[in-house]
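Per-entry structural report
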Amino acid sequence: MPKKKITKKVYLQWYEDMLFWRKFEDKAAALYIQQKIRGFLHLYNGQEAVLAGSVFAMDENDRMITAYRNHVQPIALGVDPRKIMAELCGKTGGTSQGNGGSMHMFSKEHNFFGGHGIVGGQIPLGAGLAFADKYLETGAVTLCYMGDGAVRQGSFHETMNLAMLWNLPVVFVVENNGYAMGTSVERTANHTDIYKLGLGYDMPCEPVDGMDPVTVYQAMQTAVDRARSGKGPSFLEVRTYRYKGHSMSDAQHYRTKEEVAEYQKRDPIGIVHKVIQDKKYATEAELKEIEARVKDLVNECVQFADESPFPDASNLYKNVYIQEDYPFIKTH
């Protein structure tokens, strides 16, 4: 299939989406400090180009599955962001009525299959989704994301082998933000080119600049087309960077502020903003309107979460078994 044209409309949509995702995560961080969000919180700041470029390459029926840095992906696929914020706050208005929280977003309706807390746990599940689509002949492709730390898991290698053996319509994507949970790639392997792991399985693989949605889209579209045409999986190492810690509890002793500042010079939102300015896709006033819409929507998300009630304690016993009157659970 020919690649889609990256037009003025696409750039303006990218800018608004990526800016919203950044501001949404910034607000989530603030709510965490206020203890309105509890537990773990893993922010996506700096990695927005990976998602923007990926979604542009997807068709309506394609699926996405990822790890626990997963707040904005379902938003990109069409889930109401107010429900995501409510879920982060553990409220009944959330996507899982407050039962999932930060690490377990999910939307069957929008083909987002998590949000998985076990490192690498989503990788075989992604292959399973692709297996189902091949078996049922749906024509859909699964995009399966992982962090650079997950490729040390045995399940990753087992899945790569089976995906090639069964010629599955799946694209494996490593969002290599450099540090896994806090340990650099250099300290966990004798090589730093993660994409080369695909060579051991004869799987098409390549590194991708993850700070520009254009380069992400171009690589992703090629891989998606390959999978959809029946030629099997691909493995992309998308090289990006997270501006925040692994989670909100990360003191970030493993890197310097100077290093973060250096990467921020290639901020993905800044890259898109510069193209819009250079090509005169929007005036300063129009950009201000976008920024105002983003701010208003973030505020709506917070208001919706604040006004949504906490779940009743009795909800602990719901959705555990399919049988509603399961006799071996005492609910009082």
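Scroll up to find the structure.
The notes below deal with the structure included here.

Thresholds applied
Residues numbered from 1 in each chain as written. Predicted model: local features only at pLDDT ≥ 70, side-chain atom pairs only at ≥ 80, totals over all residues. Heavy atoms only, no water. Disulfide = S-S within 2.5 Å. Buried < 20%, exposed > 50% of the residue type's maximum accessible area, 1.4 Å probe, protein only. Patch = residues over 30% accessible without salt bridge, like charges linked within 9 Å, V, L, I, M, F, W, Y side chains within 5 Å. Areas by Shrake-Rupley, 256 points an atom, 1.4 Å probe, with all protein chains shown as cover. Salt bridge = Lys/Arg side-chain N within 4 Å of Asp/Glu carboxyl O. Helix = DSSP H or I, 4+ residues; strand = E, 2+ residues; numbered from the N terminus. Phe/Tyr/Trp six-rings, centres within 6.5 Å; stacked < 30°, edge-to-face > 60°.

**Let's talk about the state of the cysteines**
Under the criterion given, the structure shown has 0 disulfides. Left unpaired, Cys-89 is separated from the closest cysteine sulfur, that of Cys-301, by 10 Å. Here Cys-144 stays free of any disulfide, with the sulfur of Cys-205 as its closest cysteine sulfur at 16 Å. Cys-144 sits in the buried class, given a relative accessible area of 0%.

**Things to note about a nonpolar patch on the surface**
Together, Phe-131, Tyr-135, Leu-136, Leu-162, Leu-165 and Trp-166 give the surface a local cluster of nonpolar side chains, amounting to about 680 Å² of exposed area. Among the elements of the structure, helix H5 (122–136) and helix H6 (154–165) are those that each provide at least two residues to the nonpolar patch. The dominant element in the nonpolar patch, judged by the number of residues it contributes, is H5, at 3 residues. Inspection of the secondary structure assignment puts Leu-136 in helix H5. Judged by its relative accessible area of 58%, Leu-136 is exposed.

**What to know about the packing of aromatic side chains**
This model, assessed by the stated rule, comprises 12 aromatic pairs. Consider the rings of Tyr-179 and Tyr-254, whose centres lie 4.9 Å apart with planes at 40°: the pair is tilted. Pair noted here: Tyr-179 is in the loop between strand E3 (170–176) and strand E4 (205–209) and Tyr-254 is in the loop between strand E5 (234–239) and helix H8 (257–264), with a separation of 75 residues, a long-range link. By relative accessible area, which is 11% here, Tyr-179 ends up buried. Arranged with centres 3.8 Å apart and planes meeting at 5°, the rings of Tyr-241 and Tyr-263 form a pair that is stacked. Highlighted residues: Tyr-241 in the loop between E5 and H8 and Tyr-263 in helix H8, separated in sequence by 22 residues. Of the residues examined, Tyr-241 reaches a relative accessible area of 2% and is grouped as buried.

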